[in-house]
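Now for the letters of each chain:
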Amino acid sequence: MEVKQFFGGIHVPHYKSFTEHKAIKEASLPEEIIIPLLQHTGAPNEPLVNVGDKVKAGQKIGATDKFVSAPVHASLSGTVTAIEPRPFITGQMIDSIVIAVDKNQDKLELANNDLDKVSKEDIINAVKEAGIVGMGGAAFPTAIKLSPPPDKKVDALIINGCECEPYLTCDHRLMLEKPAELLQGIKLLMKMLSVEEAYLCIEDNKDDAIEAVRQENDDPNIVLLRMPTKYPQGSEKHLVKAALDREIPSGGLPFDIGALIQNVGTCVAIYEAVKYNKPLIERVVAVTGQNLKDPQNLMVKIGTPLSHIIDECGGIVEEPAKVVVGGPMTGRAQETLNVPVVKGTTGVVVLPPDMALEDMEYSDCVRCCKCVEHCPMLLYPNQISIYCEAGMIEDALEWNTMDCIECGICAYVCPSKRPITQLVQRTKPLIRELLSKR
Ligand code: SF4
Ligand code: SF4
C-alpha cells in the first residue's frame, strides 16, 4: 500500500548501528530503585506503602482515584527506605518511593489467561491495573487513551513502529524479538476498540523487523506499512497522514479523525497485562552513544538509576560527555545520573557535548529560513522563537506555536543554534493560561 509523504522533515544520521544488531539483555539487579509517583501525563499517585514496609515485585505501591493517571508498582522486591522528592528526568524533584532491593528475588507470580475468552472490559481493566502508559515517550495513560468520548468513533488503529529518532533501537529489537507478542497485543486492541483494520508502520531502515512481523502475522486485517525513513515519521500527525491520508485539525487529536495510535512497546505491555496480569515493571531501553564503552539494548526494571545501566554498559569512555534521556532530537540532557528509568524511557544516549542540542550557546537569528524549509508542521520557527524569547504570548499564539510537535528539527538545522524547541516548551503553558482566561 502506498504511503503519503510529508513536507519538511530531515534525513538525520541514524547512529543506530551501536545497538541495532544487539539482542535485548536482562539488566543486572540494582541495589536501590526509585519509583516516582508521577511518571505519566496526569495526576500524581499517592503512596500505598510506608517507610519500613517490605514490598514484593509487582505489588501496587502508588495509586490515585483521579481520572487521568496510572498506578505504579514495585519492580523488584525489597524494603521501602524513603518516600521523598527525588530528581526526575525533567530536572524537577518528584515524590518517589525508594526501595532497597533484596539480593534474592522471587519469581514474579503470573496468571495465564485465555485470550479468546477475555472481554473488552477485561482488557481495559487489565491495562488500567497494570499502570500502562504510552511507551514511546509520551507516557499518557493508555486506559484513558483507549476510552475516547462516545461521539468520537475510532475506525482505524495505527501502531507506531517507526522509531525515527537517531540512536534509539528499543522498538526495533522488540519487533524483531517479540513479533508474536506484539501481534497479540494489536489483536487485543482491535477487539477492545471494535476496529476492523490496524496499520503497523515501520520505517524502511528496519527491514529485518518488517520481515519478522510479516512471517508471524496470520491476520490480513493487520496491514504492514513500510515507511520511508525520514524524521519525524513517527509523529502522530505524520503517521495518520501517511497511513490514512487524513489530517488531524489544528489543536485536535487523532480520535477527532477516527484514528488511535499506539506504540509497539505499549502493545507488548498490553499483551502481557491481559495474558499474565503483569504490571508495567520493566521495559527495553537502548543504552547507547559514542561516549559509552559497550552500548546495549537492556531490559531494565522501572526505577533503576541511570548510573547503574551506564555502568552495566562499561561506563562512560570519554569525558566530557552529555547523557541524554530519550533520543537526541527530543530528549533531555541530565544534570545527574541518579535519576531513574521510568515507563516512558526509550533510551539513554551518551554523547560528546557538541552533539547534544540542549544547552548550547546560541546567537541571534540570521534569517536564513532553514528552519522554515524543514519544519514538518509548516510553521515559522524563526518568528515563533523570537516571540517566545521575548515573552510575547499573544503573538506566539497567533503564529500557531501550539501546533509545534517539538520535534527539534528547527534547532538542529539552525546555524545560530537557537533553542527553538525549548523556547516553545516554555511558552506553551503560558499560552494555555492565556486561553483559559478568555
Ligand atoms: S520543533 Fe516545532 S517549530 Fe521546530 S521544526 Fe519541529 S514542529 Fe517546527
Ligand atoms: S534557522 Fe535559525 S537563524 Fe535561520 S531563520 Fe531559523 S531561527 Fe533564524
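Residues numbered from 1 in each chain as written. Chains lettered and ligands numbered in written order. Predicted model: local features only at pLDDT ≥ 70, side-chain atom pairs only at ≥ 80, totals over all residues.

Observations concerning the overall build of the protein
Short version of the rule: Working definition: helices are DSSP H or I runs of at least four residues, strands are E runs of at least two. Numbering for both runs from the N terminus. For the radius of gyration, the atoms used are the C-alpha atoms, and the globule rule reads 2.2 Å times the number of residues raised to 0.38. Note on contacts: residues are paired as contacts if their backbone-placed C-beta atoms lie within 7 Å.
The number of helices and strands found in the protein is 13 helices and 17 strands. Relative to the globule expectation of 22 Å for 438 residues, the C-alpha radius of gyration of the protein, 21 Å, shows essentially globular dimensions. When its C-alpha atoms are laid out on the principal axes, the protein stretches across 60 × 50 × 50 Å. Considering only contacts within the protein whose residues lie at least 6 apart along the sequence, 72% involve residues at least 24 apart.

Here we look at the sheet that holds strand S5 (residues 60-63)
For clarity, the threshold we go by: Any two strands with at least two DSSP-identified bridges between them are counted as paired.
Taken together, 3 strands build an open sheet; the order of strands is S3-S5-S6 and the sheet is antiparallel. One side of each edge strand has no neighbouring strand; the edge strands of this open sheet are strand S3 (46-47) and strand S6 (72-73). Sheet topology places S5 next to S6; 2 bridges connect them, and they run antiparallel. When the sheet's bridge partners are listed, Gly 62 is paired in S6 with Val 72.

Observations concerning the sheet that holds strand S9 (residues 156-161)
Filter applied, for reference: All axes here are fitted lines through C-alpha atoms, helices being fitted over the stretch that makes contact, and every angle between N-to-C directions spans 0 to 180 degrees.
Taken in spatial order, the 4 strands of this open sheet run S11-S10-S9-S12, and their pairing is parallel. Edge positions in the open sheet fall to strand S11 (222-227) and strand S12 (259-263), since each of these has one partner strand only. Sheet twist, expressed as the average angle between the axes of neighbouring strands with direction ignored, equals 25°. Across 6 bridges, S9 lies against strand S10 (residues 197-203) in parallel orientation. Bridge assignment links Ile 158 to a residue of S10, and that residue is Tyr 199. Against the sheet, helix H7 (residues 264-276) touches S9 and S12, its axis set at about 85° to S12.

Re the pairing of strand S15 (residues 322-325)
To be explicit about the condition: Burial is judged by counting the other C-beta atoms within 10 Å of a residue's own C-beta: 20 or more makes it buried, 12 or fewer makes it exposed, and any count in between marks it as partly exposed, with every C-beta position built from the backbone.
A two-sided burial pattern is seen for S15, the buried positions comprising Lys 322 and Val 324 on one face and Val 323 and Val 325 on the other. Pairing geometry for S15 and strand S17 (residues 347-351), over 4 bridges, is antiparallel. When the sheet's bridge partners are listed, Lys 322 is paired in S17 with Leu 351. Following S15, the chain reverses through 6 residues before pairing antiparallel with strand S16 (residues 332-333); Gly 326 in that reversal takes a positive phi of roughly 95°.

What to know about the site of ligand 2
We count it as follows: Near, for a residue, is defined by distance from a backbone-placed C-beta atom to a molecule or strand, with 6 Å as the limit that must not be exceeded. Here the nonpolar group is Ala, Val, Leu, Ile, Met, Phe, Trp, Tyr, Cys and Pro; Asp, Glu, Lys and Arg are the charged ones; every other residue, Gly included, is treated as polar.
In the vicinity of ligand 2, 15 residues are found, and the nearest of them are Cys 365, Cys 368, Cys 371, Asn 382 and Cys 414. Taken together, the elements giving at least two residues each to the shell around ligand 2 come down to helix H9 (370-374) and helix H10 (381-390). The dominant element in the shell around ligand 2, judged by the number of residues it contributes, is H10, at 3 residues. For the shell around ligand 2, a count of residues per class yields 9 nonpolar, 3 polar and 3 charged.

As for the site of ligand 1
Looking at ligand 1, there are 15 residues lining it, with Cys 375, Pro 381, Cys 404, Cys 407 and Cys 410 nearest. For the shell around ligand 1, the elements supplying multiple residues, two or more each, are helix H12 (409-413) and helix H13 (420-436). Considering each element in turn, the shell around ligand 1 owes the most residues, 3 residues, to H13. By residue class, the composition of the shell around ligand 1 is 12 nonpolar, 2 polar and 1 charged.

Comments concerning the environment of Ser 69
Looking at the element boundaries, Ser 69 is found in the loop between S5 and S6. Remark: the alpha-carbon pair of Ser 69 and Lys 128, spanning 59 residues in sequence, is separated by 9.0 Å. Residues within four places of Ser 69 in sequence aside, it is in contact with His 40, Gly 42, Ala 43, Asn 45, Thr 64 and Pro 141.

Concerning the nonpolar core
So the rule is basically this: For this entry, the nonpolar core is defined as buried Ala, Val, Leu, Ile, Met, Phe, Trp, Tyr and Cys residues connected by C-beta atoms within 7 Å. Just so you know, the domain bounds were taken from an automatic or database domain assignment.
Core analysis: the biggest nonpolar cluster contains 120 residues, and Ile 158, Ile 159, Cys 201, Ile 270, Val 285 and Ile 309 have the highest contact counts within it. If you tally residues by element for this core, the top one is H7, at 8 residues. Two domains each provide a minimum of three residues to this core, namely domain 1 (115-276) and domain 2 (370-436). The contacts of Cys 201, once residues within four sequence positions are left out, are Ile 158, Ile 159, Asn 160, Gly 161, Cys 162, Leu 225, Met 227, Leu 239, Ala 242 and Ala 243.

Brief notes about the packing of helix H3 (residues 170-177) against helix H5 (residues 207-216)
This is how the line gets drawn: We call a crossing left-handed when the near helix sits turned anticlockwise from the far one by less than a right angle, and right-handed when that turn is clockwise.
Put simply, H3 and H5 touch, their axes get as near as 8 Å, and they point 35° apart. Crossing handedness for the pair H3 and H5: left-handed. Residue-level contacts link His 172, Met 175 and Leu 176 of H3 to Asp 208, Ala 209, Ala 212 and Val 213 of H5. Partitioned by chemical class, the residues of the contact of H3 with H5 number 5 nonpolar, 1 polar and 1 charged.

A look at the domain arrangement of the protein
Partitioning the protein into structural domains gives domain 1 (115-276) and domain 2 (370-436). Taken together, the contact between domain 1 and domain 2 spans 7 residues of the former and 7 residues of the latter. Grouping the amino acids of the side of domain 1 that touches domain 2 by side-chain chemistry returns 2 nonpolar, 4 polar and 1 charged.

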